[in-house]
Structures are given as structure tokens and as C-alpha cells.
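One-letter residues, chain by chain:
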2 protein chains.
Amino acid sequence: MARRRQAVTIRHVAAEAGVSLQTVSRVINNGPNVREAVANRVKEAIARLDYVPSIAAQRMGGSRSYLILALNDRDRTIADWRQRQGTDWVDQMLLGGMLKCAEHGYRLIFELVDTHSDHVEREILAALAALQPDGVILTPPHSDNPLITGLLAAQDLKFARIGSLEARPGMAVSMDDAGAAALATARLLELGHERIGFIAGSPDYSISASRIEGWRRTMVEAGLGTDLLAEGDFSFASGRRAADQLLTAASPPTAIIASNDQMALATLELARERGLKIPEDLSLISFDNTPLVCFTLPPLTAIDQPIAEITATAVQHIIDAMAGRAVPDAPSIIPATLIERGSTALRKAGPKG
Amino acid sequence: MARRRQAVTIRHVAAEAGVSLQTVSRVINNGPNVREAVANRVKEAIARLDYVPSIAAQRMGGSRSYLILALNDRDRTIADWRQRQGTDWVDQMLLGGMLKCAEHGYRLIFELVDTHSDHVEREILAALAALQPDGVILTPPHSDNPLITGLLAAQDLKFARIGSLEARPGMAVSMDDAGAAALATARLLELGHERIGFIAGSPDYSISASRIEGWRRTMVEAGLGTDLLAEGDFSFASGRRAADQLLTAASPPTAIIASNDQMALATLELARERGLKIPEDLSLISFDNTPLVCFTLPPLTAIDQPIAEITATAVQHIIDAMAGRAVPDAPSIIPATLIERGSTALRKAGPKG
DNA sequence: TTGAAAGCGCTAACAT
DNA sequence: ATGTTAGCGCTTTCAA
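Looking now at the overall build of chain A. If you tally the helices and strands in chain A, you get 13 helices and 12 strands. The dimensions of chain A, computed from C-alpha atoms along their principal axes, are 90 × 45 × 35 Å. Within the span of chain A, comprising 353 residues, buried residues form 54% of the whole. In chain A, the share of contacts with a sequence separation of at least 24, taken over all contacts with a separation of at least 6, comes to 69%. Accessible surface, chain A as shown: approximately 15000 Å² in total, 52% of it carbon and sulfur.

All right, on to the protein's contact with DNA strand C then. If you check the shell around DNA strand C, you find 28 residues, and the closest are Thr-23 and Met-60 of chain A together with Ile-10, Gln-22 and Tyr-51 of chain B. Near-protein atoms of DNA strand C (within 4 Å) split between backbone and bases, with sugar and phosphate holding 62%. Here a phosphate oxygen of DNA strand C sits 2.6 Å away from a polar atom, N or O, in the main chain of Arg-35 of chain A. Here a phosphate oxygen of DNA strand C and a side-chain polar atom of Tyr-51 of chain B are 2.4 Å apart. Mapped onto the surface near DNA strand C, the elements with two or more residues apiece are helix H2 (21–28) of chain A together with helix H2 (21–28) and helix H4 (55–60) of chain B.

This part takes up the protein's contact with DNA strand D. Looking at DNA strand D, there are 28 residues lining it, with Ile-10, Gln-22 and Tyr-51 of chain A together with Arg-35 and Met-60 of chain B nearest. Of all atoms in DNA strand D that approach within 4 Å of the protein, 64% are sugar or phosphate atoms. Gln-58 of chain A places a polar side-chain atom, nitrogen or oxygen, 3.4 Å from a phosphate oxygen of DNA strand D.

On to unusual backbone geometry. Omega for the bond connecting Arg-168 of chain A with Pro-169 of chain A falls within 30 degrees of zero, at -5 degrees, which places this linkage in the cis form. Here Pro-169 of chain A shows up in the loop between strand E4 (158–162) and strand E5 (171–175). In this model, Leu-297 of chain A is joined to Pro-298 of chain A through a cis peptide bond whose omega is -5 degrees. Counting through the fold element by element, Pro-298 of chain A comes out in the loop between strand E9 (283–288) and strand E10 (301–304). Phi angles above zero are rare outside glycine, and Asp-50 of chain B is one such case at about 55 degrees. In the Ramachandran plot, Gln-132 of chain B falls in the positive-phi region, its phi being about 50 degrees despite a non-glycine side chain. By the element assignment, Gln-132 of chain B lies in the loop between helix H7 (120–131) and strand E3 (135–138). With a relative accessible area of 8%, Gln-132 of chain B lands in the buried category.

All names here are of chain B. Spatial ordering of the open sheet is given by E2-E1-E3-E4-E5-E11, a layout of six strands whose pairing is parallel. The open sheet has two edge strands, strand E2 (107–113) and strand E11 (332–334), and neither has a second partner. Averaged over all pairs of adjacent strands, the angle between strand axes in this sheet comes to 20 degrees, irrespective of strand direction. Where strand E4 (residues 158–162) and strand E5 (residues 171–175) come together, three bridges link them in parallel fashion. Bridging from a neighbouring strand, Ile-162 pairs with Val-173 of E5.

Further remarks concern the relation of the copies chain A and chain B. Mapping chain A onto chain B calls for a screw motion: a turn of 180 degrees about the axis and a shift of 0.0 Å along it, with 0.1 Å RMSD after fitting. Within this description, the copies of the chain are treated as partners about a two-fold rotation axis. A shared interface surface links the copies, since 100% of the contact residues of chain A are contact residues in chain B too.

What follows concerns the packing of aromatic side chains. Note on aromatic pairs: each is described by the distance of the centres and the angle between the planes. For the structure shown, the criterion picks out nine aromatic pairs over all chains. Relative to Phe-295 of chain B, the ring of Phe-295 of chain A has its centre 5.7 Å away and its plane inclined at 5 degrees; by these criteria the two rings are stacked. Taken together, the residues span two chains, with Phe-295 of chain A in the loop between E9 and E10 and Phe-295 of chain B in the loop between strand E9 (283–288) and strand E10 (301–304). You can call Phe-295 of chain B partly exposed: its relative accessible area is 22%. Measuring from ring centre to ring centre gives 6.2 Å for Trp-81 of chain B and Phe-110 of chain B, while their planes differ by 40 degrees; the resulting arrangement is tilted.

Analysis parameters
Residues numbered from 1 in each chain as written. Chains lettered and ligands numbered in written order. Predicted model: local features only at pLDDT ≥ 70, side-chain atom pairs only at ≥ 80, totals over all residues. Heavy atoms only, no water. Helix = DSSP H or I, 4+ residues; strand = E, 2+ residues; numbered from the N terminus. Buried < 20%, exposed > 50% of the residue type's maximum accessible area, 1.4 Å probe, protein only. Contact = heavy atoms within 4.5 Å. Areas by Shrake-Rupley, 256 points an atom, 1.4 Å probe, with all protein chains shown as cover. Near = heavy atom within 4 Å. Polar contact = N/O pair within 3.5 Å; in protein donor to acceptor, adjacent residues only side chain to side chain. Pairing = 2+ DSSP bridges. Axes fitted to C-alpha atoms, helices over the stretch in contact; angles between N-to-C directions. Least-squares fit on C-alpha atoms with pLDDT ≥ 70 in both. Phe/Tyr/Trp six-rings, centres within 6.5 Å; stacked < 30°, edge-to-face > 60°.

Now the structure itself:
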């Protein structure tokens, strides 16, 4: 293997501009103490030579690596990829994260970490030692793992935690789950529904409670009951059970909100089996808005989880922190939107008035 | 910003093992000239200290960067991400590429490049200068761009070109498009079809010709006519036009193969509008097998494009080349498989016997 | 405001 | 088979 060297280095730029290495370095890093005339001469030289600093050398010199590490759950991510059900969490992360990184000359490195392993710690430390990123983005279920967050905090690394509402350590960035559930509920109220059921997600996830809360609050504010609550665990099977529980209630719902797409799909299936037409007999709103909900019959009205925007915000926070700019102390809450498709409709005037 | 240094360096390992830096370096790189006893002492020290080499420093020392750069088309990739139609090309690339990289201590860095820009060259050179990857993976439409391939060849970089059949420069890795089309055609023949139409893709892509060729060859071998060929450009609209052309033929097909999913979807839609039931009246096979074809009614039988395996092969070639191992001179052709779903059936015994 | 010197962690080349 | 030296490209001291 030929020893590959940089074609044009800071040294060439210095020579071309007739200044010292240090001055070039200052210009690159927007450092102080450079006369504008000199800075311009350097910039011209850089442009003329198409000079681009080596991030390896920058890191070695003790500066940044311009790398941000995004850590995702290994098993879950690979399972999603293998299943090919159209889950686009990773794509949306890249969309928001990579583009935001690129805006600032950073790069996003996507990495998988095995949560269940007893050496998560070692795994992450190894990645940090090898890559020496300037910041790290944690996604569920890593976001609230004290082993991981503690480790990052100890390393004095900037890091963002996605999908968590705990303010510290690191910077929390999350969707407004309560607000989103409230939004969905309010829309159903607008459509005339009063018996609105809610299928909750796994209580292990903090978002589940938030989503319940948004629904409950809105129902209470409208003077309606909150008895139509069923618990699932985000799986299709649990969604069926929960939907069954709701639909066999003494006074069944005319609308259901499911805490994720899989459970919404299960509800759709069960409702159809029970002879209920959607949206005529039952309105249905889903959470997450993965691509597959466009392909159901009817396509599902859904709360869109703004993953791209969340990730972009996480990146922005890290870069701001690196630059010594102020970053919010409280969790950043990104609002969600409701995408109306074919699974919601005005409540039918029925026997119950 | 605190100057972040490596917690444990090669120096610590050397001290711990009581050897020189160079010996440690030799052990890390599986270099020759180290007694097994010494090597083991060093390895133990590495394990004890949880030492992981800094890739930045490795790069600076003139060795590898353990980075492989995957270059994708910027506009198209972002458009796919934004549309959220479930296209999982990127995911499958990561699945195959990242995991294979990880097996060998490499990392895959995913990067977008603007094909249409007049400064593609500058853009890529900048990425190379900044990251100094050991290898590059090109995807269509970059794979056959002489500007890009020339530039990589000039840099003496190992690189693989996905989806190309031209052997040089770099290493071509491609799906067996002709074989896949032949496979689909043969399966339809087995099902009793004789009038098998083919919707071709854009002639700008070399894969289009290969797919046509596989179909034509198989038809000819079966002693059947190849008049039912219509050209599209991979878009939904072109698929509709092509399907219309085939279905209004004097002697229309009982089965159609479309060169990609979008055109298959268009065919499905048009067929239904014309009162044709699928698969009873018309069998349909699609190419690519993106997630969305599972969600149509009926789900489509499709040729699965083995992107993960192709990417894994590309990575393997680069790593082999880096290690000085022999790499194939001819393009690596990865076989495709046919996923049978609900859009294919035995030909109905019809008036035409 | 600028420049010179030292060093980051590692490896190649050259000793021994 | 092992150790020593020099240097990768850059940035941070520090000096001018």
C-alpha cells in the first residue's frame, strides 16, 4: 500500500499566501487576530489550491474531529432492516441529521450498539476512542440508560438524547407526545366523536404515559369520560387485544387512537373482522406515520413523528455546544403534526344520538 | 473546549507490556517479527487497559483510516427520504455495508454527492481530503461516471462500483439483471403463460438492456414471440403508458413483467381500471421488491434486488484489496431471487386456448 | 497581529 | 525479533 499523503496541506497554503502555518490555521478556524487583508489572501490561496483540512490531522492537533456519532439500537435496527416493512426511522434520522451536519462541515457517523450486551460500556468506549467524535446522539432505548449517559458525561462529551424528557445529563430532544395525543383527540372531538378510545403503548417507555396524558387531558377538558383506555406494548398482537377490549365495551368507542402504527394496523384488521367499516363506523388515528400507513385501506390518518426535525435539532444543539454557544437547559420539545388521510370521518348520527 | 486526549494510548500499552511502541504497533497490525510470547503479553496489556487505537492517529502515521465512503446521489436520495414511500435502498446498503465493515474493524461513512452539479469533482475531492477513506463505494448514477471513476483511479484509491457491468476501473458489483428477468420469465412460462409482456426501463441505465435481454432470451428459447415489449423510464407515468400499449395490443399479454416497482404499480392500477383481475386475468411480476409491493392488493410477486449483499460484496472487495488479497478482475454478479406473492397465477384456460 | 516551537498518537524506515 | 528515529498535518502553547 502506497503511503497516501495529503495532496495539498496547510503548508502549501501558507507558502502560496506568504504567511505562516499558524495564520492559515487561524483563518480556517475563524480565529481572532488576523487582519482582514491577510485573511483574504489566505482564503484566496485556499480556494486557488482547493485546500481542505484533514480531519484526522485536525483531531491530532487537539481540535475537533467534526464527527458526530449517532448511536442506535443494534438488534432493533437490524430487525427493521431485515423485515423490510418500510420503517424509515433510520432514513429520517439521516435526512435530518446528515443535512444539518453538512451545513456546518460536520459528518454524521451512524453506529449500532448492542443494548442487551453486558459490555455496552466497552463497546461505546471503543467507538469513542477510535472515532473521537465531538458529540454523540442517543436514541431510545439508549437515551435514558444511565450507564451510557454517565459514561458520556464523564468523558465531557456533548451529547443529545432523543425521545427523552429528562433534562439531564446531555440535551434532551423529544417530540411533543402529550401535545400530539391532544391534537388527535381534539380533531376527533371536532368530528363529533365523544366515545374516543385510546390504546396505550408499553409502560416501559416514557412516551406512552405522555400520550395517554394528552388524550386524557383533552377528554376531561371536553367533559368526557376516560374509561376507554386499553394498554398494549406497541406490538401488533397487543394492539389486537387492546382493540378487542375497547370494541367489546358496553358502550364502545366511535373512534380510536392507537399509540403506534402496528397497533393501529391491528385495530384496523380487527374492526374489519367485526364488520365495522372505517371510517364510517369507526374513526382511527395512528401514531408515528411510518410509510406503511399510506398503503392500508383506507390510508390511516396519523400523527407524524418529526424524526428528521428532532435529529436536526439534536445535531444543532451539539454544534452549538461545541461552539460555546448557549444551549437550552430544558428538553427541546418538537411539535408533531396530524396527517389526515382516510381513516377519520364525522361521527355517524347513530342510535346513541 | 477542553483539549480532549486519548485516555489510553499505545504508549501506555507499551509500558504495561514492557515493550517498545513499535512492538505494540506490530501486534495491532498483525505485523511480522513478533514472538508469540511477546505478542500475547501485548494483547493482554491491550485487553487489560481496554486500549483502542485512534483511527485519526493511525491515519496520520501513514496507515489506513479504516473508513469506507459510500457515495449516493444527493437529489434522488433526499427525494426518497422526503417522499416516505418506503424505499429502503439506503437501509439495505447500510445493512449489508455497515455490518460487513464492522466485521473487519472498518466503518462505513454514508455521503451524498450532487451529480448534476458542475463541481462534482471538487465535492468528492473535498470529501476524500477531509476523510481520507481507504475505499469508496459508488452507486448509480455515479458508478459509470468517468469523471468520478477517473478521479478515484488517479488517487490510487480502492473503489467498487455498484450496478455496473463495466469491469474497470475499480471493481464492479452488480445484480444479475439478465438472469433475474430470465427467472421471472421462466416462472411465468411454468405457470402456463405464453403471451408475456415486458415493460423496459430507461435506456440510459445499462440494467434496462440486461433485463430486456433476459426476458427476450428466455422467450426465444421457449419458441415464443418477443413482440410484447414496451419502453418506460422507471416512472409511474411511463409505466401506465407502457402497460396501456401492451394491454391494447391485438393479442394482449396474460402476464407482464415490469422493470421496476413504480411501473408495476402503474400496471396494476391500469389493469384494474380496464376490468382485469390480478392475478386471475393478468399475472404481474415486478423488479426491485421495495417494501411497498407488500402493501398492494394483491401483494406483488417480485424480483428481489439484493442490495445488502451487493454492498457487502463491494465492501469485502475493498477490504481484500487493502489487505493485498486478490480481487476479481471481472464484475461480481450477485444472483437475484424471485419472491412469489399474490400477483402471479396459472394462466386461465381462455378462448385463445 | 503574527510567527516559531512543541506535541498529538501512531506507523514506516532504519537501526540493532 | 525488537527498539529508535523521524515525521504525518494540524493546533495549541508561547514568544516576538
